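Coordinates in review
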Amino acid sequence: MIRTENGIFLLETENTSYIFRIDEKGHAEHISYTGRIFPSSEDIAAIAGPRDIKIGDGTYADEENPAYLPSNILYEYSAPGKGDTRESALIAEYGNGLITLDLVYRSHRIYKGKDLTDSPYALSSDHTETLELKLSDTIEPIEVTLFYTVYPEEDVILRSAEVRNSMDEPLVIRTVSSMQLDTDDDLWDLISFDGAWARERHENRRRIIGTEHIASRIGFTSSEHSSLFFVARPDADDSSGTVMGFNMIYSGNHLERIEKSPFSKCRILSSINPAGSAWVLEDGESFRTPEAIMTLSDEGLDGVSWNFHRFLSRYISRGCWQEKERPILLNSWEAAYFDITEDKLLRFAEKAAEAGIELFVMDDGWFGRRTDDTRGLGDWFENRDRLPDGIEGLSAKIHALGLKFGLWVEPEMISIDSALYENHPEWVIRIPGRTPSPGRHQYILDMSREDVIDYLFDSLSKVFSKNVDYVKWDANRNMSDYYSSNPELRHQGELFHRYIQGLYRLMSKLKAAFPEILFEFCASGGNRFDPGMLSFMNQGWTSDNTDIRSRIDIQQGTLRGFPPSAICCHVSASPNHQSLRKSGLDDRFGPAAFGVLGYELNILKMNENEMDAIKNQISFYKAHRRTFQFGRFRHLPSFDKDCIFWSIEGDDEIIVMEYQDRNGVNIGRHHRLIIPFADENKSYRIERREKYISPEDLGELGESYSKVQHKPFSITVSGSVLKKAGIALPNTFMGRGFDENTRLMLDNSSDLFVITPID
Ligand code: GLA
């Protein structure tokens, strides 16, 4: 709910309050963002405190207001030049390089729902309300409208800004932020999600002691630095303490600035990255930023994650797949790489159908001249040598096996060795007179051009209309040689944003034309994993790295801000193709089940026992699929540095995964399972999922192990016990042999437990 009285604005969600006011100088001054409070106007004055702090050498507003020091005020939206020397939300040039702006309140509007911006945008519901706050410069006709949309149930406030130029000269936007949040103190930790190819979104936490920039300059969101970040109280952990979470509904270059001011405040800004970017507004034109998601929880990091999960599932993910259970797929990439023929694909598919897999995905290598990664991109028609009956024929044969059929595309890219390049060399992003830099032997199409979008829409539509049920949309290189031949650009600095807008236009058209196709976004694994992509495609390829150990970090980081229904996880071969690490087949299944399950291995090489193990995994996953894909994810406490526990709570069950990094030899105690959110008024039945262990993994002990009659583990305990004392899990192998109760937990292993409440 949004309320306003006497210049005070109160934005309330079920568990949070966001307060600002129009101050004595007409600025929108932030007061507080906290867990839910019910303040009177006196209370609000008490929260803000009197304006009586003077700063030695500070610039103040005017002689009458010596304590009004812009560099020490909490603003809702900042601009340079009038004394606030911190990072600015908006830097816009007029009058041949002037940047000073003094943004003051003009009007506001509160309404149900939200105005829908250009794609991508968050959806709204009956509970959603929006505040539009109009500010403008005291002198120049430059206007900034701030949008705040409140989602009460998910504790989210969606932010964006629009800049309008009404001067009779151009205004050049250098920096424009989707949101600004100033906090009244600076005792915060910053948690960012960083990495690279095959090690995406690793969580990094540190105290904020200066100015931190989280940025992407590669043209996409990037696996180097996600636009998702948390600002947490130092004592906040997974389940307790105050944490704020932020992300942008955007897929291009982004910049997050977190600045500790000299006067013990913190400024938090999310923006399109200004590096190499400029946007020219003529008289009467405006620029609307992407939307930014802001949320707060007093229940720790998992509390913020739950807000993100609900918000993204309800208001970002959309279309007929939004709430539908996602099929289990087999992908051909690591099974065959470029070496595919219809015959081989059908053999994979037959075996997949036998295992209970539901969707077969033909990855790279099926089109044009694409027999390796040096050629073919851009030619979206089948290679008849490999697929004699074309896509249609293959799709019909796959469907006849009872499977859905999907394929891989990389629409934004072009190979020099392609028919498309021969016809349209001018469509490549490159600077005339300079040799462009390759990436994976390929180049990028200028998605700002309408003719490129039209070509892609036509050629992809032809493919997608051949009974295709699923599409994996890849993008495998970063942008370089920034130049567009599109005459519509007023400044080359518009390219990055116009590229992303073109991509969004293409995806919108294709989504509208093929509403039933399940789309999965991908970019060298998880190089463009963001809410912008999620608003067009219901799931994403998290990482090319499917090694169990690596996946723990990658999925844990991704789960911080994305729901399991968006996170695709494959069981792949051992040794793993990225890490060469060995792990058990059922161990790999543990983390892979905490998301959208798939397989990416040569299923024809599986022996009978392994096939049985895969069949069991699939029937287990299907039985608990709604929980795994749409449940509530939380971390559980662990008292062993080598173990972590993940839990996912569905309507009538909780599933727990224990992951063990290294097997502690002779540690002499049981691992303990505690569920702090167990209901004390209930009892719980805890059953361990029986695990397949390959005797080969046990070397010379394998033979004796297979002779043991292993006892299933199943007990019932009261909720209070599970919540507080926890239970001792069955003994793990510790170097002194095993009996019928021993759990074999090797290095990099996992175990699953199904916990059912009993009234
Ligand atoms: C990228 C993807 C992989 C695979 C290959 C195909 O690396 O992340 O999953 O599709 O491209 O070339």
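Residues numbered from 1 in each chain as written. Predicted model: local features only at pLDDT ≥ 70, side-chain atom pairs only at ≥ 80, totals over all residues. Heavy atoms only, no water.

Along the protein, the regular secondary structure elements total 15 helices and 38 strands. Its C-alpha atoms give the protein a radius of gyration of 28 Å, within 12% of the compact-globule value 27 Å for 759 residues. The dimensions of the protein, computed from C-alpha atoms along their principal axes, are 90 × 70 × 40 Å. Burial analysis of the protein (759 residues in total) assigns 61% to the buried set. Restricting the contact set of the protein to residue pairs at least 6 apart, pairs at least 24 apart contribute 71%. Carbon and sulfur atoms provide 47% of the accessible area of the protein, an area that totals close to 27900 Å². Both charge centroids of the protein, one from 85 positive and one from 120 negative side chains, sit 3 Å from each other. (Helix = DSSP H or I, 4+ residues; strand = E, 2+ residues; numbered from the N terminus. Rg over C-alpha atoms; globule rule 2.2 N^0.38 Å. Buried < 20%, exposed > 50% of the residue type's maximum accessible area, 1.4 Å probe, protein only. Contact = heavy atoms within 4.5 Å. Areas by Shrake-Rupley, 256 points an atom, 1.4 Å probe, with all protein chains shown as cover. Lys, Arg positive; Asp, Glu negative; His and termini not counted. Charge placed at Lys NZ, Arg CZ, Asp CG, Glu CD.)

With that out of the way, let us pick up the site of the ligand. Lining the immediate surroundings of the ligand are 13 residues, of which Asp363, Asp364, Arg440, Lys472 and Asp544 lie closest. Interatomic distance of 2.6 Å between a side-chain N/O atom of aspartate 364 and an oxygen atom of the ligand. At 2.7 Å, a side-chain N or O of lysine 472 approaches an oxygen atom of the ligand. In isolation the ligand exposes 310 Å². Once the protein is present, 96% of that is buried. A class-by-class count of the residues in the shell around the ligand yields 4 nonpolar, 3 polar and 6 charged. (Near = heavy atom within 4 Å. Polar contact = N/O pair within 3.5 Å; in protein donor to acceptor, adjacent residues only side chain to side chain. Nonpolar A, V, L, I, M, F, W, Y, C, P; charged D, E, K, R; others polar.)

The element helix α11 (residues 585-593) is extensively covered by neighbouring structure, given that 9 of its 9 residues are classed as buried. The complete set of buried residues in α11 reads Leu585, Asp586, Asp587, Arg588, Phe589, Gly590, Pro591, Ala592 and Ala593.

Across all of its chains, the model carries 66 salt bridges by this definition. One salt bridge connects aspartate 62 with lysine 25, and the closest N-O pair in it is separated by 2.4 Å. Residue aspartate 62 is found in the loop between α1 (41-48) and β5 (90-93), and its partner lysine 25 is found in the loop between β3 (16-22) and β4 (28-35); the two are separated by 37 residues along the sequence. A relative accessible area of 28% places lysine 25 in the partly exposed class. In this structure, the salt-bridge partner of arginine 581 is aspartate 547, at a minimum N-O distance of 2.9 Å. Of this pair, arginine 581 sits in the loop between β29 (567-572) and α11 while aspartate 547 is found in the loop between β28 (539-541) and α10 (548-559), placing the two residues 34 residues apart along the sequence. Residues joined in a network through salt bridges with shared partners are Asp587, Glu658, Arg688, Lys691, Arg743 and Asp751. (Salt bridge = Lys/Arg side-chain N within 4 Å of Asp/Glu carboxyl O.)

Time to look at the packing of aromatic side chains. Following the criterion strictly, the structure yields 36 aromatic pairs and no others. Ring centres of phenylalanine 220 and tyrosine 499 lie 6.2 Å apart, and the angle between their planes is 40°; this geometry places the pair in the tilted category. Placement of phenylalanine 220 in the loop between β13 (211-215) and β14 (225-232) and of tyrosine 499 in helix α8 (residues 495-513) is noted, with a sequence separation of 279 residues between them. When sorted by exposure, phenylalanine 220 lands in the same class as tyrosine 499, which is buried. (Phe/Tyr/Trp six-rings, centres within 6.5 Å; stacked < 30°, edge-to-face > 60°.)

Below, the discussion takes up the domain arrangement of the protein. Under the domain assignment, the protein is made up of domain 1 (2-316), domain 2 (329-413 + 448-479 + 512-626) and domain 3 (633-758). Once you take the C-alpha centre of each, domain 1 and domain 2 turn out to be 37 Å apart. Facing 34 residues of domain 1, the contacting portion of domain 2 comprises 35 residues. At the boundary of domain 1 with domain 2, the tally comes to 3 salt bridges. Among the ionic pairs, arginine 560 bridges to aspartate 238, the shortest N-O distance being 2.9 Å. Going through the elements one at a time, β12 (202-207), β14, β15 (243-248) and α2 (300-316) are the ones with two or more residues in the side of domain 1 that touches domain 2. (Domains from an automatic or database assignment.)

A separate point is the sheet that holds strand β21 (residues 329-331). Overall, parallel pairing links the 8 strands, which are arranged β21-β22-β23-β26-β27-β28-β29-β30 in a closed barrel. Direction aside, the axes of adjacent strands within the sheet are offset by 30° on average. With 5 bridges connecting them, β29 and strand β30 (residues 596-600) associate as parallel partners. In the strand pairing of β30, cysteine 569 is matched with leucine 597. Its contacts with the sheet put helix α5 (residues 390-400) on β22 (359-362) and β23 (404-409), and the angle it makes with β23 is roughly 140°. Contacting β23, β26 (470-473) and β27 (518-521), helix α7 (residues 450-464) runs over the sheet at an angle of about 155° to β23. (Pairing = 2+ DSSP bridges. Axes fitted to C-alpha atoms, helices over the stretch in contact; angles between N-to-C directions.)

Here we take up the nonpolar core. Side chains that are nonpolar tend, in soluble globular proteins, to be buried together. With 178 residues, the main nonpolar core has Trp366 and Phe464 as its most contacted residues. In terms of residue count, the dominant contributor to this core is α8 (9 residues). Contacts of tryptophan 366, omitting those with residues within four sequence positions, involve Ile340, Trp380, Phe381, Glu382, Asn383, Leu387, Ile391, Leu407, Trp408, Val409 and Val463. Ranked by size, the runner-up nonpolar core spans 16 residues in total, among them Phe713, Val717, Leu722 and Ile727. (Core = buried A, V, L, I, M, F, W, Y, C linked by side-chain atoms within 4.5 Å.)

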